[in-house]
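Overview (structure and organization)
Chain residues, written in single-letter form:
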Amino acid sequence: MALAYKLIPLFLAWAGAVMVLGRGFPGRRPMVAVAGSAGYAGGLAATFLLVRFLPGDLPFGIIKDAVGAGIILMWGVSVAAVYRSTGRDVPLPWGERFAHTRLGAGICALATGILVGAICACRFTGADASVPVFLLLVLAAVVLACAVLAAERFFFSSLTMYPSGMTVALVAFLLLSSSSILRLDLFSPLTMKVMKFAHDFVHQFFESMLIPDHFFFNSFTWDFIGFFFGKQVGFWGALIIWFVPVLLVALAVNLVRLPAVAHIRQGAQRRKMLAAAIRERRSRLVVPALAAVIFAAAVYQSRFPSVEYWDPKPVSVTASPSGEIFIPKKGEIDLEDEKLHKYLFKQGGREARFFVLMAPSGQWTVDLDACAICKPDGYGQAEGAVLCYYCRTLIPLDTVGKPGGCNPVPVPFTAKDDGIHIDGLTLINRWGETVQATTRIKETGK
Amino acid sequence: MAANIIETSGLTRSYGDICALKPLDLRVAEGEWLSVMGHSGSGKSTLLNIMGGLDRPSGGSLRVGEEDLLALTEDGLARFRRDYVGIIFQQHHLVPYLSAVENVMLAQYFHSVPDEAEARSALERVGLGHRLKNRPGELSGGEQQRVCIARAIINSPKLLLGDEPTGNLDHKSTLMIMELLRELRAEERFTVIMVTHNQEVATWGDRTIYLDDGVLVREERNEQGES
Ligand SMILES: Nc1ncnc2c1ncn2[C@@H]1O[C@H](COP(=O)(O)OP(=O)(O)O)[C@@H](O)[C@H]1O
Ligand SMILES: [Mg+2]
């Protein structure tokens, strides 16, 4: 039931993509149906197999990269559209001709189908990814595609499709589906990348000329530079990167010159041609407008994922007289349930929050509930990964326990048959060295 | 003999029990000027409105140009009126708070897109080059009717319909309007169908038909009109 609910954005995106393809290749609906469905089935099957036989997060990385390539393609196409609309018509004869062949329609539909299928497969993990599920999903996708293609002819007759609009719309639907899956989400990582870029840029650019009482870089200026270190800059930057192509496509539509009508002598006829051209242009704006709405929906899904995080309250623990913390494997809490379990340890006015986790591989790890970079907001767990609440980075379960980046800071421990043994003082010190250090820098830094 | 722009057969229109138009067979040649006469209530306006696509007949068949008006949907009928028909009424139906040129531009807007230069030159053609910015209330009856003519011809209709356009005008203004229509028809080659009470006005046409109680009772050619 919950799963069916989670499949809604995925099938919505599939229906939308098929609709766009049907509109984009109006004479090739059977081809779109066949190639799209074949692609979907192929993408689904391949991803099921990849997830089963490839370790860790690699399959997800591949799919993410493919969707990312879609974004880059969308940028290229939209910039080209603006270029073509301003200058004289740059001839792209092979492109135009290709887009009108059955092969062109087939390849577009196949590629879209593969990606949508692959994204859909990521919703299923482990035992869920079975042959009956595969058959059921493919059946649903084929039925949906045929229904959409049959219905599409009769609806939205004013919706005009064209290559750049089609690209933007297809990428929008891909992002809508991928952003509904935590591990495929591209928006949060993009936010981080932008933030890091702004951070590095400000550091390198300004620090290289950091002279104490520089003419420009006095403390007043630094107050503004602080803006570049905020989370906001990442969000807005990522938003710009997502939405600019849509705006460019809309701009390109508006820049295309209206047909020359001055030579038509009869006023009524001249105005009619002009009106038709204006109407056509207006109807072309519908596609980027819809794409923008879908992009916004994708951003919303990414910012407010409908995922329930496993977020246990920290349990207070104390050390034995010898300074050792002991956490039993079997007790009130079942440590071996592959979920993270949080604990709070206090000693002499100092404290440390940490968690114990058994990865699906059976590997044990004990880590601070904080990383060396972010504010110690702690971690939650969902869909094969833990997630830093501060920067929303996902860390796959297999890599929890490795140091560096936004990974939780590992703590030395010994796993025995009865439970986990941790040295209290080491724990407290580790928290003090890493976490408090970061906080202190944040407090004093401008 | 030119092709017929209008052909009706067995065309009827009834309002409940009242039969405003009895089965009517009528042909109008392309470029012809047809006058329609009859007593008040004889069905002249009913016939004109049906031919202009403003009203639907109750039965029979009606072809105007390429279009079978009985088969058209509401949208099709609206498109037909836009592309085919210009109408002048006895009451001018101008928008009171818009200037003459804006009133003409409004017709352009509903047809396609407004074009002020073209609207001005249309008003100049009907001799109102000096009253472009005046509102209908500031114009005489004859001038108002000339704005209506400019508005009716601005979208190059094939069919110009008049429902007693000179009914409210004095003799001199009437003659000016008729003269203007004759000039414009010579240039634009549209077909004119003119409903009138006035025998003298009727003789400006090539042919006059007489309606009585919804029946075509008489038809005559006019010597003067065939000049
Ligand atoms: N909307 C209407 N509803 C009912 N009867 C109407 C309507 N319009 C016209 N009629 C009747 O149809 C007949 C013809 O009217 P009309 O064509 O306006 O006459 P004319 O223009 O020749 O004076 C009249 O008897 C009139 O009362
Ligand atoms: Mg009347």
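Note that the coordinates shown come from a computational prediction; the quantities given were computed from them, not determined experimentally.

Details of the confidence of the model for chain B
Put simply, chain B has an average pLDDT of 92, and 97% of its residues get 70 or more. Across the predicted assembly, pTM comes out at 0.75 and ipTM at 0.84.

Re the interface of chain B and chain A
Counting residues at the interface gives 11 residues for chain B, matched by 9 residues for chain A. Contact between chain B and chain A buries roughly 750 Å² in total, counting both sides, with carbon and sulfur atoms accounting for 54%. In this structure, the salt-bridge partner of Glu118(B) is Arg270(A), at a minimum N-O distance of 3.5 Å. Our count for the chain B to chain A interface comes out at 7 residue pairs in polar contact (both at pLDDT 80 or more). Taken together, the residues that form the side of chain B that touches chain A break down as 3 nonpolar, 5 polar and 3 charged.

A short note on the domain arrangement of chain A
Residue and element names in this part refer to chain A. Taken domain by domain, chain A holds domain 1 (2-191 + 230-303) and domain 2 (315-444). Computed over C-alpha atoms only, the centres of domain 1 and domain 2 are separated by 42 Å. Taken together, the contact pairs 8 residues of domain 1 with 8 residues of domain 2. For the pair domain 1 and domain 2, the interface holds 0 salt bridges. Our count for the domain 1 to domain 2 interface comes out at 0 residue pairs in polar contact (both at pLDDT 80 or more). Within the side of domain 1 that touches domain 2, the residues separate by chemical class into 2 nonpolar, 2 polar and 4 charged.

Considering the packing of aromatic side chains
For the coordinates displayed, the defined rule picks out 11 aromatic pairs over all chains. Seen in terms of ring centroids, Phe187(A) and Trp242(A) are 5.1 Å apart; in terms of plane orientation they differ by 90°. Their pairing is edge-to-face. With Phe187(A) in helix α8 (residues 187-207) and Trp242(A) in helix α10 (residues 231-255), this pair connects stretches of sequence that are 55 residues apart. Both residues of the pair, Phe187(A) and Trp242(A), count as buried. Counting every residue linked through ring pairs, the aromatic cluster contains Phe187(A), Phe235(A), Trp236(A), Trp242(A), Phe243(A) and Phe295(A). Its guanidinium or amino end placed over the ring of Tyr84(B), Lys158(B) lies 4.8 Å from that ring's centre, counting from NZ or CZ. Above the ring of Tyr210(B), the side-chain terminus of Arg218(B) is found at 4.1 Å from the ring centroid.

Considerations on the site of ligand 1
Residue and element names in this part refer to chain B. The environment of ligand 1 is made up of Tyr15, Ala20, His39, Ser40, Gly41, Ser42, Gly43, Lys44, Ser45 and Thr46. Take threonine 46: an N or O atom from its side chain is 2.5 Å from an oxygen atom of ligand 1. Among the elements that line the shell around ligand 1, the one with the most residues is helix α1 (residues 44-51), at 3 residues. Here the residues of the shell around ligand 1 sort into 2 nonpolar, 7 polar and 1 charged.

Regarding the side chain of Thr47(A)
Residue and element names in this part refer to chain A. With respect to the helices, strands and loops of the structure, threonine 47 is situated in helix α2 (residues 29-53). A polar contact is formed between the side chain of threonine 47 and the backbone oxygen of glycine 43, at a distance of 2.7 Å. If we skip the residues at most four places from it in the chain, threonine 47 touches Ile63, Ala118, Ala121 and Cys122.

Focus: the packing of helix α5 (residues 141-153) of chain B against helix α6 (residues 171-188) of chain B
Residue and element names in this part refer to chain B. Contact pair α5 / α6: the axes reach a minimum separation of 10 Å and the direction vectors enclose 15°. By the angle between their directions, the pair α5 and α6 is classed as roughly parallel. By crossing handedness, the relation of α5 to α6 is classed as right-handed. On α6, the residues touching Gly142, Gln145, Arg146, Ile149 and Ile153 of α5 are Ser173, Met176, Ile177, Leu180, Leu181 and Leu184. Of the residues in the contact of α5 with α6, the class split is 7 nonpolar, 3 polar and 1 charged.

Concerning helix α3 (residues 58-86) of chain A
A turn of α-helix holds 3.6 residues, and therefore any two residues three or four places apart point the same way. Along its 29 residues, α3(A) runs 42 Å from first to last C-alpha, staying within 8% of the 42 Å computed at 1.5 Å per residue. Listed as buried for α3(A) are Pro59(A), Phe60(A), Ile63(A), Val67(A), Gly68(A), Gly70(A), Ile71(A), Met74(A), Ser78(A), Ala81(A), Val82(A) and Ser85(A).

Considerations on the sheet that holds strand β7 (residues 385-388) of chain A
All names here are of chain A. Here 3 strands make up an open sheet; going across it, the order is β6-β7-β8 and the pairing antiparallel. What marks the edges here is a single partner per strand, and that holds for β6 (379-382) and β8 (394-396). In this sheet, adjacent strand axes meet at a mean angle of 30° when their direction is disregarded. Sheet analysis places β7 next to β8, joined by 3 bridges and oriented antiparallel. Residue leucine 387 lies in a different strand from β8, and its bridge partner there is leucine 394.

Definitions and cut-offs
- Residues numbered from 1 in each chain as written.
- Chains lettered and ligands numbered in written order.
- Predicted model: local features only at pLDDT ≥ 70, side-chain atom pairs only at ≥ 80, totals over all residues.
- Heavy atoms only, no water.
- pLDDT = per-residue confidence, 0-100.
- Contact = heavy atoms within 4.5 Å.
- Buried area = accessible area lost by both parts, 1.4 Å probe.
- Salt bridge = Lys/Arg side-chain N within 4 Å of Asp/Glu carboxyl O.
- Polar contact = N/O pair within 3.5 Å; in protein donor to acceptor, adjacent residues only side chain to side chain.
- Nonpolar A, V, L, I, M, F, W, Y, C, P; charged D, E, K, R; others polar.
- Domains from an automatic or database assignment.
- Phe/Tyr/Trp six-rings, centres within 6.5 Å; stacked < 30°, edge-to-face > 60°.
- Helix = DSSP H or I, 4+ residues; strand = E, 2+ residues; numbered from the N terminus.
- Buried < 20%, exposed > 50% of the residue type's maximum accessible area, 1.4 Å probe, protein only.
- Lys NZ or Arg CZ within 6 Å of the ring centre and 35° of its normal.
- Near = heavy atom within 4 Å.
- Axes fitted to C-alpha atoms, helices over the stretch in contact; angles between N-to-C directions.
- Parallel < 35°, antiparallel > 145°, perpendicular 65-115°, else oblique.
- Left-handed = near helix turned anticlockwise from the far one by under 90°.
- Expected span 1.5 Å × (residues − 1).
- Pairing = 2+ DSSP bridges.

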